[in-house]
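Descriptive analysis of the structure
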Amino acid sequence: MPDASALEEFGLEVEHENHALVTNSGSSASSTNNNHQFASFSNKKRTISPSKEQRSLLESTNVKYTKLRMNATQRPGVLKWSFLVIIVAVIIVFFNIGQEEIIDEAITAEDTEAKLNDKTYHLLRPKAKDQEDVASVVVDDKREKEEEQEEVVEVNHEQKDNNESLTQTQPAEADDSIDNSETKENEEETATAEDTTEEEATDETLEQSAPDVDEQEMSQEEEPAASSVVQSALDEDEQEISQDVDGSFTIERLKATREAAQNLISMLEQYYNGVEQSKNMMLDSWLVPWNFDKQTNDTEKIDTDKIVMKDKIVDTMARALVTNDQKEFIIGTIGSSVAAGHDNCNFDSYERQMERTFGPVWEAAGMKLVCENAGEGGGCGDDFANQVFCIKQNVSPNIDIAHYTWTYFEVGNEHALEARESLVRWAQMLPRQPPVHVFNTFELPGKPHLPADTDAGGSLMEYTLARYYAKYGYNAFYMRSGYAKGGYDYTTAFKENEVNHFEANHVGDGYHTVTRYGENEEDPNRKSSLGVLMRNWHPGPLAFQFVADTFSYLYAMAMLEALDRIEDEMNNGKDPLDTWSTKKRKIMLKTSLPEPKVCDPLYCTVDEAPGCINYERPTYGWWGAKVEDPNDNFNPHKGEVQNWEPWLDGQEKDLWHGVPKQDQAFFEDRDDKEVCRHLDGCGAISATSQDNGSVVFRLPKQEVGLVVLCGCCGKDIATEMFLNNPDIEIRYNSQLLDPTTWDIWPNGKCVRLLKKFGAASAAAATTGHNYLSVKVQNITEPVRISHLITL
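None of these values were measured; they are calculated from a predicted model. (Residues numbered from 1 in each chain as written. Predicted model: local features only at pLDDT ≥ 70, side-chain atom pairs only at ≥ 80, totals over all residues. Heavy atoms only, no water.)

Thoughts on the overall build of the protein
Helices and strands together make up the secondary structure of the protein, namely 24 helices and 22 strands. Out of the 791 residues belonging to the protein, those deemed buried represent 49%. Long-range contacts, defined as pairs at least 24 residues apart, comprise 77% of the intrachain contacts of the protein with a sequence gap of at least 6. Surface exposure of the protein reaches about 38,600 Å², of which carbon and sulfur atoms provide 49%. (Helix = DSSP H or I, 4+ residues; strand = E, 2+ residues; numbered from the N terminus. Buried < 20%, exposed > 50% of the residue type's maximum accessible area, 1.4 Å probe, protein only. Contact = heavy atoms within 4.5 Å. Areas by Shrake-Rupley, 256 points an atom, 1.4 Å probe, with all protein chains shown as cover.)

Rendered as structure tokens:
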């Protein structure tokens, strides 16, 4: 075996001979080719054989030589460099073979993502052991994607921060535990698989879900190497991210919410003596009974109306649960003093009790239950006829469920169901398309069960409307029917014992003698008060507890089914937001609704709910019209006296307004007495003399051309205050309106100034804002406007 020095000497000799060959051939080349270096064998091949000594050296190193063919462009030392290249290649091959297992062990589920079937999954995520693990994988995928997008924002510092809702709490930052070398190898592997060299991220748009949606854009510069592997795995259609998606509704939160709902249902079923009695009292006492049992396969027994009605309320729950930026579930109540809870502490109203009963379930979901109580006493002169027009202001336009409690005022009024049907249709034009649920203290129409009750007449058309609008979740609960369906023998109690449980101030309902929260009350007067079923026509705390329990039981049932459906989506590898995102809720148009049954199509078949400015209290939503600035350049009466003033009846100063004496006595020296205060009261914008001049309202967008003024305070105030008052003049876009074209509508406190747009009406359609002005002259009595309704 030759030593290294001999091999080196052989290499130098070969190099010398090769140099000599190149030199000789260069001298014989044509002068016209002097700009290029040609070997003497540039046009013909030339064979070089090693010497005997050189051949011996080659054979001793096991090199099979045959013939050495050399090109003039090859550099000296070809053999030495060839050996080096071969050695390096072998090393690379062995290194890459070993890397497969190294990479597979090093890359965790948090480091790399790829898109399959238009969904994001982790490349190396371990297989889920059970259904819960599958659900966790899907939810974690969404969370981690959001984390990566958040890191990009932090790197580029280009996110705009002009809206608080875009700063919602985000998941923890992504794990950065992989070192740079491993990340670089992952990038190469991903680039090979994707066959792309593009490393620039596309623009992203963040959206906020709310009544007003603010879209903010941010441009991303080229990603740093550590995150390019993630970006290369994202599809372009997933570059647009909604702010309401950060994966916060995890499988853990789903379980906690389910447990809370199950606990509530179990508690109520125990309280009302079992599952069967609970369902009879709280699910079967509706116009269309609710059914959350598994559907039968017998097609003849399937009630389609019940199915679609249930699906609507389940859908309502699901959308609220999975929408991250929705922090409140809002139930808004419009109604009379029954809704307000008069003759009780406000604390004992059904809305406040429902917040305490059903609220913990929403807390488990990371949300808050809010019950907006816009109920009001009858002293202001309102009823269902005018108040349904104010659904967008009396309660929030973002309500999830609407409650209607004007049923006392419906008795004997032939237009009652017109208002109800209008409300159901207008509610579907609100952002969250809430179902409308009616609370009626009486019995189901045509089905009296209580011998002492003569208020079970009603209208059979109610059943027709309930099924006609079942798809939109409309239904009505009848409290006294619920009591009767529980099995207590009220007939025997009345006939044999002369006990009428529904007479004023009777304690006990046949099942219980006090509310749950009154069971441990030590004060005998307060405890007795908490056991009253009916104060008079107003329910007492015990009846309100049953109403709150009924709604809570129904909604908890719907929530359980919503949670099951959400979990099924997770287990199937789907994102629940693909099904229930608030942004993917189908837009409702007037053409989406069926033809009306009893309401006026001119007003109830519209694309937007009516607008309303309501000076009464309380209100929680959007004002429709607004009082224009007297100095605004667009004010058609700029320069005229415009000095009307807000007016309130003073009830807001009376803590004990609508509170019974026995509760006043209990709370008067307590620090928490404010829980008794009712929020309702009369109000208006008022003129008391001609010195007040005019009030000018800028009207919102109008679809129909309807304009209605309501006065304060009284049920029949409109005739004297508006229709027959010679000391006021009303103008629409500066055009004086003729009082002979007005009519009292929709009730005695309101006057309809304009019915619709049209050539015969002063309400000509315009491309700008419309203005309504009311001017007082030599008035002797105050002119007070409580409502201005537009459509």
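Okay, back to it.
Some words on the pattern of salt bridges
Should the charged atoms of two oppositely charged side chains come close, the side chains can pair. Tallying each qualifying case throughout the model produces 26 salt bridges. Across the salt bridge formed by R432 and D400, the nearest N and O atoms sit 3.2 Å from each other. Of this pair, R432 sits in the loop between α15 (416-427) and β9 (436-440) while D400 sits in the loop between α13 (391-394) and β8 (401-405); the two residues are 32 residues apart in sequence, bridging distant segments of the chain. Comparing R432 with D400, the two get one shared label, buried. R516 is the partner of D549 in a salt bridge, and the nearest nitrogen-oxygen pair spans 2.8 Å. Of this pair, D549 sits in helix α20 (residues 541-571) while R516 sits in the loop between α18 (490-495) and α19 (524-529), and the two are 33 residues apart along the sequence. Residues joined in a network through salt bridges with shared partners are K310, D311, E561 and R565. (Salt bridge = Lys/Arg side-chain N within 4 Å of Asp/Glu carboxyl O.)

Section: the nonpolar core
For soluble globular proteins, nonpolar side chains are generally found buried alongside one another. Residues M317, F358, W362 and Y483 are the most contacted members of the largest nonpolar core, which totals 117 residues. Discounting residues that sit within four places of it in the chain, W362 has contacts with M317, A320, L321, F329, M367, K368, L369 and M559. (Core = buried A, V, L, I, M, F, W, Y, C linked by side-chain atoms within 4.5 Å.)

A word on the sheet that holds strand β21 (residues 771-776)
Strand order in the open sheet formed by 5 strands is β12-β15-β21-β17-β18, with antiparallel pairing between adjacent strands. Looking at strand neighbours, the two that pair on one side only are β12 (626-627) and β18 (735-736), the edges of this open sheet. In this sheet, β18 lies alongside strand β17 (residues 728-732) in antiparallel orientation, the contact comprising 2 bridges. Across the sheet, the residue bridging to R731 is L736, located in β18. (Pairing = 2+ DSSP bridges.)

Comments concerning the state of the cysteines
Tallied over the full model, the rule gives 6 disulfides. Between the sulfur of C710 and that of C750 lies a disulfide, 2.0 Å long from S to S. Disulfide C710 to C750: torsion about the S-S bond roughly 100°, handedness right-handed. One end of the pair, C710, is in strand β16 (residues 707-711); the other, C750, is in strand β20 (residues 750-754), with 40 residues separating them in the sequence. Comparing C710 with C750 shows no difference in burial state: the two are buried. A sulfur-sulfur separation of 1.6 Å characterises the disulfide bridge that pairs C712 with C713. Among the cysteines of the protein that take part in disulfides, numbered as they appear in the sequence, the pairing is 1-7, 2-8, 3-6, 4-5, 9-12, 10-11. (Disulfide = S-S within 2.5 Å.)

Quick word on the environment of E781
With respect to the helices, strands and loops of the structure, E781 is situated in the loop between β21 and β22 (783-790). Among the residues examined, E781 registers a relative accessible area of 53% and is labelled exposed. For E781 and T688, which are 93 residues apart along the polypeptide, the C-alpha to C-alpha distance reads 6.6 Å.

Examining the sheet that holds strand β7 (residues 368-373)
Strand order across the open sheet formed by 5 strands is β7-β6-β8-β9-β10, with parallel pairing between neighbours. Two strands close off the open sheet at either side, each with one partner strand: β7 and β10 (475-478). Geometrically, the sheet is characterised by an average inter-axis angle of 20° between neighbouring strands, direction not taken into account. Where strand β6 (residues 328-335) meets β7, 6 bridges bridge the pair, whose relative direction is parallel. For T333, the partnering residue across the bridge sits in β7 and is N373. (Axes fitted to C-alpha atoms, helices over the stretch in contact; angles between N-to-C directions.)

Remarks on the pairing of β9
By the criterion of burial, β9 is predominantly enclosed, with 5 of the 5 residues buried. Going residue by residue along β9, you find V436, V438 and N440 tucked away on one face and H437 and F439 tucked away on the opposite face as well. In the sheet, β8 pairs with β9 via 3 bridges, with the strands oriented parallel. Note that in β9 the partner of A402 across the bridge is V436. As judged from the 4 bridges shared by β9 and β10, these two strands associate in the parallel manner. Counted as the bridge partner of H437 is N475 from β10.

Concerning helix α9 (residues 304-322)
In this model, α9 (19 residues) spans 27 Å end to end at C-alpha, consistent with the 27 Å of a helix rising 1.5 Å per residue. Buried within α9 we find M309, K310, K312, I313, V314, T316, M317, A318, R319, A320, L321 and V322. Where α9 begins, one side-chain oxygen reaches toward the backbone nitrogen of D305, 3.2 Å away; that side chain belongs to D303. (Expected span 1.5 Å × (residues − 1). Polar contact = N/O pair within 3.5 Å; in protein donor to acceptor, adjacent residues only side chain to side chain.)

Topic: the packing of aromatic side chains
Per the stated rule, a full pass over the model turns up 32 aromatic pairs. Here F477 and F546 contribute two aromatic rings whose centre-to-centre distance is 5.9 Å and whose plane-to-plane angle is 65°, an arrangement assigned as edge-to-face. Highlighted residues: F477 in strand β10 and F546 in helix α20, separated in sequence by 69 residues. Of the two residues examined, F477 and F546, each falls in the buried class. (Phe/Tyr/Trp six-rings, centres within 6.5 Å; stacked < 30°, edge-to-face > 60°.)

Considering unusual backbone geometry
Residue R617 is joined to P618 through a cis peptide bond whose omega torsion reads -5°. Structurally, the position occupied by P618 is in the loop between β11 (611-614) and β12. In the Ramachandran plot, D343 falls in the positive-phi region, its phi being about 65° despite a non-glycine side chain. For D343, the location among the structural elements is in the loop between α10 (337-340) and α11 (350-364). Assessed through its relative accessible area of 23%, D343 is described here as partly exposed. Phi is positive for S734, which is not a glycine, with a value near 75°.

Brief notes about the packing of helix α8 (residues 275-282) against α20
It is at 10 Å that the axes of α8 and α20 come closest, and there the two elements cross at 105°. Considering the angle they form, α8 stands roughly perpendicular to α20. Together, V275, S278, K279, M281 and M282 of α8 and F546, D549, T550, Y553 and M557 of α20 make up the contact between the two elements. (Parallel < 35°, antiparallel > 145°, perpendicular 65-115°, else oblique.)

Brief notes about the packing of helix α7 (residues 251-271) against α11
At a minimum axis distance of 7 Å, the contact between α7 and α11 shows a crossing angle of 165°. Our classification of the angle between α7 and α11 gives roughly antiparallel. Note that α7 runs across α11; the crossing there is right-handed. Counted together, R253, A256, T257, A260, A261 and L264 of α7 and T357, F358, P360, V361 and A364 of α11 form the full contact between these two elements. In terms of residue class, the contact of α7 with α11 is built from 8 nonpolar, 2 polar and 1 charged. (Left-handed = near helix turned anticlockwise from the far one by under 90°. Nonpolar A, V, L, I, M, F, W, Y, C, P; charged D, E, K, R; others polar.)

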